[in-house]
Each structure stands twice: as C-alpha cells, then as structure tokens.
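Each chain, written out:
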Amino acid sequence: MIAVGTVARWIRRFDTLVANHETHLTELDSHIGDADHGVNLVRGVHETLNALDAPTLQAQSKAIGMSLLRHVGGTSGPLLATLFLRMAAAFPVDAVEVNDTQFLEALRTGVDGLAQRGKTELGDKTMFDALSPAVATFEREHAAGTAFPEAAARAVAAAARGRDATADMVARKGRASYLGQRSLGHIDPGAASATLLVQALAEVLV
Ligand code: ADP
Ligand code: MG
C-alpha cells in the first residue's frame, strides 16, 4: 500500500536529492537554458516540505502541486505542479492509502497531464522523455508481476536512459528550443531532475 506517509517520504527524499544535485542541474541548464533550474527546484521543493501533512492522498498531492506551482517557478514549476494536481484528482476521495495498482494509475494520470499541459511528446527533449519511459516500464513490470520496489527500480533505470537519450535530441519545447541544433549534445535539465523524482520514489518504496 502507498499511504500519505509514503508520499511524504517521497517528497522529502526528492528534496534531499535535488539539494545534492543542485550544482549539476544548474550546470545542465546553463548549457541550454538560463541556469536557474537547480536553484529554483531546490528552493521550491524545500518549501513544499511544509505541504506534506494533509490527511488524505488527494489533499496532500493537491497541496504539493499548489506549493510547487507557487514556489518553483520557471517552466518546470507549473509542469511538475500539474503532475501532482492530476495525481491528486486520480486518487479516490478520502483515501489515506491506495494499493500499488491505484498508485500507478494516479502516477500515469499525472504524467499524462504534465505532457498535455506542456503540449509535449516523446523526443522533444524535456522532462517527459525521462518520465514517460519510467511510467511505461513501471506499468509493464507491475503487470508482469514484478515486486513493486523492483518495478520501481527498473523505472528509475528507464528514466535514466531517457534522460541520457535527451543528449541526442534537438529541443522542440521551452527555452532550449531557441538553440535549435545547438541544443544537441546536452542532457536536458528537466529530464535530469525528473529522473531524481523517480529515483526518490523508488528509494522510499523499498
Ligand atoms: P525556464 O526555461 O523557464 O528557466 P526551467 O529551468 O524551470 O525553465 O525548466 C526547464 C525544463 O523544463 C527543461 O529542461 C524541460 O525539461 C522542461 N520543459 C520546458 N518546456 C517544456 C514543455 N513544453 N513540456 C515539458 N517540459 C518542458
Ligand atoms: Mg531555466
């Protein structure tokens, strides 16, 4: 089961990971963006630690989304916010915990919502290029009967492969798209931070 406490640990772990990777994320964003991704995310996610103790999964994910929207900023803030706001709507009303299948359905709804909001598809060189293969792998492994923590670990590997593949993509969305071909050869910062989000989840599911 995934409970409000699990999601709270997920965000706390994400806070630690983004703080540990702030310099790296900023460096990635300095190549193909405006070098604010690390600092914005670290500040915004840290603020979001104040939004974790709502009584239901729906209220909690909504509070997380609203906090990310308010505090992360940039392009990535509203997109990450959408992931959590759509997840919130997908949880059964009043549920304090859900089973693995329900959680995965909510995560899928969140990631699809993010793509819709960003009007992005695979290959655009965005965070979606890490999140999409991660959720697809998670679903496939779960459906095949792989234990949930192991399925999550394989989702992290898929996210990391998607992240690394963004180096070979020409950006078609966001600030990096202004660079056209010059965006080639650089990993997308949002794909890197999105991989940390999936990693944080996997680490609290063990
Ligand atoms: P900004 O360009 O406003 O400074 P951030 O630095 O906050 O944005 O975030 C940049 C990241 O946002 C990119 O690396 C990319 O992953 C993601 N991104 C940008 N545009 C989109 C979009 N339309 N859909 C999905 N993700 C996007
Ligand atoms: Mg930026």
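Anyway, here's the lowdown on the structure attached to this text. Quantities reported herein were computed from a predicted structural model and do not represent experimental measurements.

Reading the values: rules and limits
Residues numbered from 1 in each chain as written. Chains lettered and ligands numbered in written order. Predicted model: local features only at pLDDT ≥ 70, side-chain atom pairs only at ≥ 80, totals over all residues. Heavy atoms only, no water. Donors = N, O, S within 2.8 Å, 3.2 Å for Na, K, Ca; no water. Buried < 20%, exposed > 50% of the residue type's maximum accessible area, 1.4 Å probe, protein only. Near = heavy atom within 4 Å. Polar contact = N/O pair within 3.5 Å; in protein donor to acceptor, adjacent residues only side chain to side chain. Helix = DSSP H or I, 4+ residues; strand = E, 2+ residues; numbered from the N terminus. Nonpolar A, V, L, I, M, F, W, Y, C, P; charged D, E, K, R; others polar. Phe/Tyr/Trp six-rings, centres within 6.5 Å; stacked < 30°, edge-to-face > 60°. Expected span 1.5 Å × (residues − 1). Contact = heavy atoms within 4.5 Å. Salt bridge = Lys/Arg side-chain N within 4 Å of Asp/Glu carboxyl O. Axes fitted to C-alpha atoms, helices over the stretch in contact; angles between N-to-C directions. Parallel < 35°, antiparallel > 145°, perpendicular 65-115°, else oblique. Left-handed = near helix turned anticlockwise from the far one by under 90°.

Considering the coordination of the magnesium ion (ligand 2)
Each angle at a metal carrying four tetrahedral donors should ideally be 109.5 degrees, and each at a metal carrying six octahedral donors should ideally be 90 or 180 degrees.
Working step 1: Those protein atoms acting as donors to the magnesium ion (ligand 2) are Asp-29 (OD), Asp-34 (OD) and Asp-36 (OD), and they sit at 2.0 to 2.4 Å.
Working step 2: Each donor residue of the magnesium ion (ligand 2) lies on the same chain, and together they follow the pattern D-x4-D-x1-D.
Working step 3: Of the residues examined, Asp-29 reaches a relative accessible area of 8% and is grouped as buried.
Working step 4: Among the residues examined, Asp-34 registers a relative accessible area of 33% and is labelled partly exposed.

Concerning the site of ligand 1
Working step 1: Neighbouring ligand 1 are 19 residues; Thr-75, Ser-76, Gly-118, Met-127 and Asp-188 lie closest to it.
Working step 2: For ligand 1, an oxygen atom lies 2.7 Å from a polar atom in the side chain of Thr-75.
Working step 3: Here an oxygen atom of ligand 1 sits 2.9 Å away from a polar atom, N or O, in the main chain of Gly-190.
Working step 4: Looking at the shell around ligand 1, the elements that each hand over two or more residues are helix H5 (76-90) and helix H9 (189-205).
Working step 5: Take the shell around ligand 1: its biggest share by element is three residues, from H9.
Working step 6: Taken together, the residues of the shell around ligand 1 break down into four nonpolar, nine polar and six charged.

Considering the packing of aromatic side chains
Working step 1: Scanning all chains against the criterion turns up four aromatic pairs.
Working step 2: Ring centres 4.8 Å apart and planes at 35 degrees place the aromatic pair Phe-138 and Phe-148 in the tilted group. Note that Phe-138 is positioned in helix H7 (residues 128-143) and Phe-148 in helix H8 (residues 148-165), a separation of ten residues in sequence.
Working step 3: Given the relative accessible area of 2%, Phe-138 is considered buried.
Working step 4: Of the aromatic side chains, those joined through ring pairs into one cluster are Trp-10, Phe-84, Phe-91 and Phe-103.

Quick look at H5
Working step 1: Across its 15 residues, H5 extends 21 Å between first and last C-alpha, which sits within 8% of the 21 Å expected from 1.5 Å per residue.
Working step 2: Burial within H5 is extensive, with eleven of its 15 residues counted as buried.
Working step 3: Those residues of H5 lying buried are Ser-76, Gly-77, Pro-78, Leu-79, Leu-80, Ala-81, Thr-82, Leu-83, Phe-84, Met-87 and Ala-88.
Working step 4: Where H5 is buried, its residues contact helix H1 (4-20), helix H3 (37-48), helix H4 (57-71), helix H6 (100-118), H7 and H9.

What to know about the pattern of salt bridges
Working step 1: Applying the stated criterion across every chain yields a total of nine salt bridges.
Working step 2: Note that Arg-175 and Asp-34 form a salt bridge whose closest N and O atoms lie 3.2 Å from each other. Pair noted here: Arg-175 is in the loop between H8 and H9 and Asp-34 is in the loop between helix H2 (22-32) and H3, with a separation of 141 residues, a long-range link.
Working step 3: The class of Arg-175 is partly exposed, set by a relative accessible area of 46%.
Working step 4: A salt bridge links Glu-139 to Arg-108, with the shortest nitrogen-to-oxygen separation between them at 2.8 Å. Here Glu-139, found in helix H7, pairs with Arg-108, found in helix H6; they are 31 residues apart in sequence, far enough to count as distant.
Working step 5: Residue Glu-139 is classed as partly exposed on the basis of its relative accessible area of 27%.
Working step 6: If you follow the salt bridges from partner to partner, you end up with Arg-108, Asp-112 and Glu-139 in one network.

Focus on the packing of H1 against H4
Working step 1: Contact geometry for H1 and H4: axes closest at 9 Å, N-to-C directions at 20 degrees. What the angle tells us is that H1 and H4 run roughly parallel. H4 is crossed by H1, and the crossing has right-handed handedness. Contacts between H1 and H4 pair Val-4, Val-7, Ala-8 and Ile-11 from the former with Leu-57, Gln-60 and Ile-64 from the latter.

Description of the packing of H4 against H5
Working step 1: Viewed as axis vectors pointing N to C, H4 and H5 meet at an angle of 170 degrees, and their least axial separation amounts to 8 Å. Between H4 and H5, the crossing angle belongs to the class labelled roughly antiparallel. Our pair here, H4 against H5, has a crossing hand that is left-handed. On H5, the residues that touch Gln-58, Ser-61, Lys-62, Ile-64, Gly-65, Met-66, Leu-68 and Leu-69 of H4 are Gly-77, Pro-78, Leu-80, Ala-81, Phe-84, Leu-85, Ala-88 and Ala-89.

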